[in-house]
Number of protein chains: 2
Amino acid sequence: MSILAVGSVAFDTIQSPSGKVERELGGSATYFGLAASYFAEVRIVAVVGDDFGPAQEAVFQKHGIDIRGLERAPGKTFFWEGEYGSNPNEAKTKVTELNVFQNFQPKIPAEYRDTEFLFLGNIDPTLQADVRRQMNGARLVGGDTMNYWINGFREPLLQTLKLIDVLLINDTEAKMLARESSLPRAAQKVLAIGPKALVTKHGEYGSTVFFREGAFGIGRHPFRAPTLPLDEVRDPTGAGDSFAGGFMGYLASQGEINREVLKRAMFYGGVMGSFAVEAFGTRRLLSLTREQIDERFEIFRELTHLE
Amino acid sequence: MSILAVGSVAFDTIQSPSGKVERELGGSATYFGLAASYFAEVRIVAVVGDDFGPAQEAVFQKHGIDIRGLERAPGKTFFWEGEYGSNPNEAKTKVTELNVFQNFQPKIPAEYRDTEFLFLGNIDPTLQADVRRQMNGARLVGGDTMNYWINGFREPLLQTLKLIDVLLINDTEAKMLARESSLPRAAQKVLAIGPKALVTKHGEYGSTVFFREGAFGIGRHPFRAPTLPLDEVRDPTGAGDSFAGGFMGYLASQGEINREVLKRAMFYGGVMGSFAVEAFGTRRLLSLTREQIDERFEIFRELTHLE
């Protein structure tokens with residue numbers, strides 16, 4: 001089945017203790033789309049400027065990603081420059097130029113309307129809700145958000161959360177959203193707002209999915225997936241979107257959504273996130289094979305499973 | 001098989017957002033011993049003062065813990081008072097009265113010398129090394145340490161680490177010991193110092209064991225065990241020693257040490273740690289059954305295992 005991702009396409013300049021790259025193709029829709037492309041047909045809705053050319057287009061095309069929904073606007077593409085220190089969970093933003101992204105109003109092409117799976121990347125919650133309403137036949141809706149929206153746009157965000165099936169955020173964001181310092185209690189509060197499932201990401205410690213009672217016809221027991229203990233996290237940029245791409249991509253590749261499928265989706269999310277951070281930008285995501293992905297899936301199993 | 005634990009017995013006054021208790025029986029040897037007592041015969045070597053009476057003795061006796069090695073010294077027992085805020089990983093020490101513990105010189109009774117498993121609780125590394133030499137027939141030696149020794153007593157600690165098979169510490173301690181910000185790299189450096197295995201504990205995210213190449217006749221692939229996402233951590237005191245007690249206790253209960261046994265020991269460590277923090281002091285550890293322990297083991301499996 002197919003997935004539609006709505007989010008950003010950007011150019012990123014990234015520095016970390018492992019090196020520096022300039023104007024790499026990035027953005028939430030890009031990371032998500034590349035990660036998901038190994039599992040399902042991906043369509044994206046985003047906006048780019050005049051500096052987005054054939055070289056960038058080719059990246060999406062090579063992965064079979066449908067970019068008919070990629071809007072071209074006069075001006076420059078969203079640009080971000082950031083630096084990571086020794087803690088990969090903390091990015092120091094040096095430059096943010098929203099450019100054409102500033103006035104992004106996602107328009108869903110008619111030929112995308114029947115897409116079964118929808119991922120609402122980290123954009124203004126009012127726009128997320130608007131997209132969700134344009135896609136009211138979607139079978140499963142995943143979504144992301146961040147501190148900026150949680151703190152400054154709480155009311156529209158709470159409304160949007162009623163329209164999302166699976167919210168994928170990190171621990172800090174979940175606690176901030178729920179105004180609660182215990183993660184399991186925060187999860188219960190977030191689920192009471194609307195989502196059927198909350199995926200919280202713990203950085204190098206993996207991720208946990210919490211379920212609302214009765215959601216997906218399964219019990220509410222949480223499930224925890226690992227990530228790989230990597231000697232070197234070269235570039236954490238896009239780890240969350242790559243996780244979401246693996247998670248949603250795997251769900252879209254399956255006939256039904258049940259507890260076992262959701263558990264495996266958590267593993268595939270972790271797998272794609274772990275690949276993403278091994279190299280700068282999207283580089284590692286560009287050259288994978290499904291075989292390599294499944295090999296890492298088995299390493300994750302070996303890392304956590306008793307005989 | 002039997003385990004000898006050398007460490008502290010103490011009285012603790014503990015405050016957390018969940019309440020307050022005064023002069024609860026605590027200390028590393030107490031938590032370790034109680035947790036391990038569900039798996040194996042436990043012997044302890046520690047020192048107590050005049051205020052340690054029949055009520056405290058009865059706690060050990062009820063769990064079949066051999067306290068012939070418990071030295072009585074004139075004066076008061078080690079006393080600690082601490083407070084936890086909303087972050088259970090950070091204790092604020094309000095009072096530390098070492099009392100009789102100040103001059104503790106562990107003496108191993110002759111009848112303890114044949115104990116197969118030895119746990120060196122968090123005491124002066126020079127004393128740990130001294131105990132280790134008195135117990136040179138031990139089959140497996142586990143050990144703990146803390147920031148205080150890592151920062152202030154580095155050289156004797158590095159010597160002691162050569163005498164320990166499994167070091168059990170938390171992430172921050174491992175990074176500090178290795179002077180390395182990446183946990184997997186820190187683990188490799190710690191293993192190069194001496195231990196065959198390093199168990200690093202990640203608080204609410206569980207724990208990871210890293211193996212030295214060839215140690216225990218198994219490969220060096222790490223293994224990660226979870227802990228339970230608890231709505232409320234009432235009192236984190238003793239979580240690490242309870243983990244160590246479950247881990248070492250399970251090892252001692254098995255005929256051989258292989259990869260599968262070590263993996264299960266990680267699970268049992270997490271199980272005992274998760275029980276410990278559910279109630280103040282050692283209270284939860286006092287009233288368990290092996291059946292409850294194995295039920296929680298299965299919950300841990302359910303939390304992490306694919307079908």
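Bear in mind the structure is a predicted one, so any value in this text is a computation, not a measurement. (Residues numbered from 1 in each chain as written. Chains lettered and ligands numbered in written order. Predicted model: local features only at pLDDT ≥ 70, side-chain atom pairs only at ≥ 80, totals over all residues. Heavy atoms only, no water.)

1. What about the pairing of strand 4 (residues 41–48) of chain B?
Residue and element names in this part refer to chain B.
Here's step 1: Within strand 4, 7 of the 8 residues are buried, which leaves it mostly tucked inside the rest of the structure.
Here's step 2: By the bridge criterion, 5 bridges tie strand 1 (residues 2–6) to strand 4 in an arrangement that is parallel. Among the inter-strand pairings, S2 is bridged to a residue of strand 4, identified as E41.
Here's step 3: Across 5 bridges, the pairing between strand 4 and strand 5 (residues 66–72) is parallel. The residue of strand 5 that forms the bridge with V45 is G69.
Here's step 4: Taken together, strand 4, helix 2 (residues 54–62) and strand 5 constitute a β-α-β crossover, and its handedness is right-handed. (Buried < 20%, exposed > 50% of the residue type's maximum accessible area, 1.4 Å probe, protein only. Helix = DSSP H or I, 4+ residues; strand = E, 2+ residues; numbered from the N terminus. Pairing = 2+ DSSP bridges. Right-handed = clockwise from strand over helix to strand, strands pointing away.)

2. Side note on the sheet that holds strand 11 (residues 197–201) of chain B
Adjacent strands of a sheet form backbone hydrogen bonds with each other and so pair up, either parallel or antiparallel.
Residues and elements named next belong to chain B.
Here's step 1: Read across the sheet, 9 strands follow the order 5-4-1-8-9-10-11-12-13 without closing on themselves; strand pairing throughout is mixed. Both edges of this open sheet fall to strand 5 and strand 13 (223–225), since each of them pairs with a single strand only. Each adjacent strand pair in this sheet contributes to an overall mean axis angle of 15°, direction not counted.
Here's step 2: Against the sheet, helix 6 (residues 171–178) engages strand 10 (166–170) and strand 11, with an angle of about 110° to strand 10.
Here's step 3: Where helix 7 (residues 183–193) meets the sheet, its contacts fall on strand 10, strand 11 and strand 12 (207–211), and the angle it forms with strand 12 comes to roughly 45°. (Axes fitted to C-alpha atoms, helices over the stretch in contact; angles between N-to-C directions. Contact = heavy atoms within 4.5 Å.)

3. Quick word on the pattern of salt bridges
Opposite charge on two side chains makes pairing possible when the charged atoms of those side chains draw close.
Here's step 1: Counted by the stated rule, this structure contains 44 salt bridges over all chains.
Here's step 2: A salt bridge links D51 of chain A to R23 of chain A, with the shortest nitrogen-to-oxygen separation between them at 3.2 Å. Here the residue D51 of chain A occupies a position in the loop between strand 4 (41–48) and helix 2 (54–62), and R23 of chain A occupies one in strand 3 (residues 19–26), the gap between them amounting to 28 residues.
Here's step 3: The exposure class of D51 of chain A is partly exposed, given its relative accessible area of 24%.
Here's step 4: In this structure R23 of chain A comes out as partly exposed when scored by relative accessible area, which is 40%.
Here's step 5: Close ionic contact of E278 of chain B with R296 of chain B constitutes a salt bridge, the shortest N to O distance being 2.6 Å. With a gap of 18 residues between them, E278 of chain B in the loop between helix 9 (259–276) and helix 10 (283–286) and R296 of chain B in helix 11 (residues 290–304) connect regions that are remote in the sequence. (Salt bridge = Lys/Arg side-chain N within 4 Å of Asp/Glu carboxyl O.)

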